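# An overview of the molecular structure
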Amino acid sequence: MNQLNGIDYGTKKSTSEVMISLEIDGVAITVPQGTSVMRAAAEYGINVPKLCATDSLESFGSCRLCLVEIEGRRGYPASCTTPAEAGMKVKTQTPKLADIRRGVMELYISDHPLDCLTCPTNGNCELQDMAGVVGLRDVRYGYDGSNHLKLEKDESNPYFTYDASKCIVCNRCVRACEETQGTFALTIDGRGFTSRVSAGQKEDFIDSECVSCGACVDACPTATLTEKTVIMMGQAEHSKVTTCAYCGVGCSFKAEMKGNEVVRMVPNPDGKANQGHACVKGRFAWGYATHKDRMLKPMIRSKITDPWKEVSWDEAINYAASELKRIQAKYGKDSIGGLVSSRCTNEEGYLVQKLVRAAFGNNNVDTCARVCHSPTGYGLKVTMGESAGTQTFESVMKSDVILVIGANPASGHPVFASQMKRRIRQGAKLIVVDPRTTEMVKSPHIQADYHLKLKPGSNVAIVNALAHVIITENLHKPDFIAARCEVDSFEEWAEFVSLPENSPEAMEEVSGVPAADIRGAARLFATGGNAAIYYGLGVTEHAQGSTTVIGIANLAMATGNIGRDGVGVNPLRGQNNVQGSCDMGSFPHELPGYRHVSDSVARAEFEAVWGCTLESEPGLRIPNMFDAAMDGTFMGLYCEGEDIVQSDPNTQHVTAALEAMECIIVQDIFLNETAKYAHVFLPGSSFLEKDGTFTNAERRISRVRKVMPPKSGYGDWEVTQMLSNALGYPMNYKHPREIMDEIAALTPTFTGVSFKRIDELGGSIQWPCNAEAPEGTPTMHTEEFVRGKGRFINTKYFGAGEKVNKKFPLILTTGRILSQYNVGAQTRRTFNNMWHSEDRLEIHPHDAEERGIKQDDWVGIESRAGQTVLRADITERIQPGVVYTTFHFPESGANVITTNSSDWATNCPEYKVTAVQVMPVAQPSEWQRSYNRFNREQESFAAEKMIPRGSELSTSK
């Protein structure tokens, strides 16, 4: 156990409410029933020696160090596997126990290298510690016979080393892979003396099914599995708790440090969202923060065809402010706007939207949630009254049926996926609605009971068909509906979904899913006990994204699966602070706390504190900004932490809009694709350089703590503040805690939130947190819905606007992969490229054969919007007629071929349905050739301004 992680109690905590009393070493002890003898002793400060035991795993009882004596019982039972019993009298220290433990330790050491002084885990090795605890002073068995000391190291994984010569076969890594991660990639190969840990079938780690989550490394009590950064840098000397800046799970980590350098990131056992687990990104892919590509100096230029000029902070800020003022004087107050980043903190996002409303004087502010989860905000608001998920992640452990629609948690939210899969292995039933056969459909020891392999664009058809079965077969919950919902709206909706046109049989042709499967899934969901719905971008990024979210809410309300543990409607947020950026008022129609800008009472509250007059009309959404730029009426943009050129649809339209603008200000840590169209570049700060909070998918507000000073000299919030002051609107915060205090004062759901309160509650709070819920709200809508009565809304299915035809006979859908993240700006600058170094096009063998495409061939993908070229991956994961790709690499141009089609209510782009043709090609597309020329030119403009190659961690590429 890591030396900076505190006490390891050896076994898991009992949740029993029944208390029992026993005696250990003469001390009277009272613990919950089911507590192990080892943990009972540890909780009272009596530490029994151990090696195979750790409180993150189930008891195993193999190392024989933790033996104890129990009055009236023969032999010496293992304290880790022996439950404490009422009246039990235990001795943990006797001469006989000491003799046994020394003998056991002597056997371990007889086949273990005695290189402690040069070992990378010296000072943080449990074997070393236990040798001292048991008083080992001599080893009678030498190395003359057979031993394992010359076994070769496996260095294949870029992040950790496997040194089999130091393995004590305690099984902790194997158990961590099974119990914590759920990948089952590790086994104990061989028996007796020949037994050793093996990845897969005696494979190197890099070639095995290992997903590099680090659970095995964290569990290892010796130097067998060790981070390469620890080998290079040595043991850390202090740590700080912070929050991961990747997906919406919001994992808590201990950043282990030497001075201002990170040695490693260790998952926090007390983290409420991740409970001591991590994925390859959060655990290992943090080296981008010190990568050589970091831009640390402000730069300006007049035109994007000009080289960059490195300037002081004052000059850059004043230039940016003067340009924004010039544009407003020439084109009007509404000619500029800003974008809030979902990678930045709540406090930073709040300041950007405040800058736009108070300093710019308009509501032209938007965020990346526009292109991912804006339909969630709309759909859940109109049905239930709150634009957020309903549960904690822990809630899934009480689910009996889990419906996953339009999401692949194993790739997008892997830490939560591990928890979900753990519940499925315990017996929960699983329904997956997805065009692809993802890891959630079938993986080690889990298999979906139903996989509704629908055609892209038919989500609403499937949801309506499920509802049809539930209503027509009387599987709904009338009592819940009568007590909690608008009965009139239910009756209208029930009549609608009961129509023959919504039956599974009618929708079979539309969706491609057999009617019998839809009926079986509906019956399971409605009658299987606690049923929870988890959904992702495969729901929201459609022309009917908002309609599907409404349909999901209808299903949950109709079956009474709202308001308690194990149920709920749970959007899986893509980026680390998508929820927070929405909470902070980053949409053009909403102030912080989801209050409409037309609400005069809400506006008056903000005006009183901000000292300005606010506009009552909503501003421009991101797509509107692009269109207005092409029309010559929107000419200036402040973009903090977003890369709209790579992430937004119809790339050529986006770049044309940016080229039409007169001043684009980009604030980021890298010269990203959008920054190549900028006129002002303001260096940003990584999450390791931030103070503030992130809000994850379960509404959990967690602290982000600065572990190193901002490499550019300023935090992102300070840069926004400087720009506001230069524009003439004063901001004078001294610390992000003051910004959160202002947020709390103006946002009803945040009134009880402060940095101090977060710390008091163990590191996080789930909003709403106010006088009614001083410790936060783990589960929403427990007694009544936020809007009062739940509202059912009819969800008529319309076919996608994107139609296949002879010219474009296939449907392209997009998604993510485990090792890369979003636009890849962070993960591409780490060793994660070893797993996924390019975006590829998945195509079914039938479609490939029909076109003469072979594995790894270059293929051209053409849509109504554009063309690009990718390498082919022929697989049956995808169904005939559908192709799939990711969007992590800018040169792939995945969004060159996505169109402007978008959700009817929110303008969320329809990334998931694009009609395309795919054919073999021999050269890049015209767009790719143009991109390569432009990219080389822009990089040459910045090359001399790139920051010198400073201290760079080994996790950097």
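Note that the structure is a prediction, hence the values are computed from the model and not measured.

So, about unusual backbone geometry. The peptide bond linking Trp767 to Pro768 adopts the cis configuration, its omega dihedral lying at 0°. The phi torsion at Phe184 lies on the positive side, around 60°, for a residue other than glycine. Note on placement: Phe184 falls in the loop between α4 (172–181) and β7 (186–189). Accessibility expressed as a relative area gives 22% for Phe184, which makes it partly exposed.

Once that is clear, we can look at the packing of helix α13 (residues 459–472) against helix α16 (residues 504–511). Running from N to C, α13 and α16 point in directions that differ by 165°, and their axes come no closer than 9 Å. As judged from the angle between their axes, α13 and α16 are roughly antiparallel. Crossing handedness for the pair α13 and α16: left-handed. Residue-level inspection shows Ala461, Ile462, Ala465, His468 and Val469 of α13 in contact with α16, the latter providing Pro504, Met507, Val510 and Ser511. Classifying every residue of the contact of α13 with α16 gives seven nonpolar, two polar and no charged.

What follows concerns the pairing of strand β17 (residues 401–405). With five of five residues buried, β17 is to be regarded as a mostly interior element. Here β17 shows two buried faces, one formed by Val401, Leu403 and Ile405 and the other by Ile402 and Val404. Where β17 lies against strand β18 (residues 429–433), five bridges are found, and the strand directions are parallel. Paired with Ile402 across the strands is Leu430, a residue of β18.

Counting across every chain of the model gives 48 salt bridges. Residues Glu85 and Arg73 are paired through a salt bridge, measuring 3.6 Å at the closest nitrogen-oxygen approach. Taken together, the residues span a long stretch of sequence, with Glu85 in the loop between β3 (69–70) and β4 (89–91) and Arg73 in the loop between β3 and β4 at a distance of 12 residues. Residue classification places Arg73 among the partly exposed residues on the basis of a relative accessible area of 35%. As a salt-bridge pair, Arg264 and Glu256 come within 3.0 Å of each other at their nearest N and O atoms. Classification of Arg264 as buried rests on a relative accessible area of 9%. The exposure class assigned to Glu256 is buried, which follows from its relative accessible area of 2%.

Turning next to the sheet that holds strand β21 (residues 450–452). Two pairing modes exist for strands in a sheet, parallel and antiparallel, and in both the strands are linked by backbone hydrogen bonds. With parallel pairing, the five strands of this open sheet are ordered in space as β21-β18-β17-β22-β23. Each having just a single partner strand, β21 and β23 (568–571) make up the two edges of the open sheet. On average, adjacent strands in this sheet sit at an angle of 15° to one another, irrespective of strand direction. Sheet contacts for helix α10 (residues 374–384): β22 (531–535) and β23; angle to β23, the most-contacted strand, approximately 160°. Contacts from helix α19 (residues 545–558) reach β17, β22 and β23 within the one sheet, and its direction differs from that of β22 by about 170°.

Let's shift gears to the packing of aromatic side chains. The tally for this structure, following the rule as stated, stands at 22 aromatic pairs. Arranged with centres 5.2 Å apart and planes meeting at 20°, the rings of Trp927 and Tyr931 form a pair that is stacked. In this pair, Trp927 and Tyr931 both sit in helix α29 (residues 926–943), four residues apart, roughly one turn of the helix. In this pair, the class of Trp927 matches that of Tyr931, namely buried. Here the aromatic cluster, defined as three or more aromatic residues joined through ring pairs, consists of Tyr159, Phe160, Tyr162, Phe205, Phe284, Phe831 and Trp835. One Lys or Arg, Arg703, reaches over the ring of Phe755 and ends 4.2 Å from the middle of that ring.

Next up on the list: the packing of helix α2 (residues 95–109) against helix α3 (residues 126–133). Remark: α2 packs on α3, axes separated minimally by 10 Å, with the N-to-C direction vectors making an angle of 140°. Between α2 and α3 lies a crossing whose hand is left-handed. When α2 is examined against α3, the residues Met105, Tyr108 and Ile109 are found in contact with a partner set consisting of Leu127, Met130 and Ala131.

Procedures and definitions
Residues numbered from 1 in each chain as written. Predicted model: local features only at pLDDT ≥ 70, side-chain atom pairs only at ≥ 80, totals over all residues. Heavy atoms only, no water. Helix = DSSP H or I, 4+ residues; strand = E, 2+ residues; numbered from the N terminus. Buried < 20%, exposed > 50% of the residue type's maximum accessible area, 1.4 Å probe, protein only. Axes fitted to C-alpha atoms, helices over the stretch in contact; angles between N-to-C directions. Parallel < 35°, antiparallel > 145°, perpendicular 65-115°, else oblique. Left-handed = near helix turned anticlockwise from the far one by under 90°. Contact = heavy atoms within 4.5 Å. Nonpolar A, V, L, I, M, F, W, Y, C, P; charged D, E, K, R; others polar. Pairing = 2+ DSSP bridges. Salt bridge = Lys/Arg side-chain N within 4 Å of Asp/Glu carboxyl O. Phe/Tyr/Trp six-rings, centres within 6.5 Å; stacked < 30°, edge-to-face > 60°. Lys NZ or Arg CZ within 6 Å of the ring centre and 35° of its normal.

Shape is all these values report; function is a separate question.
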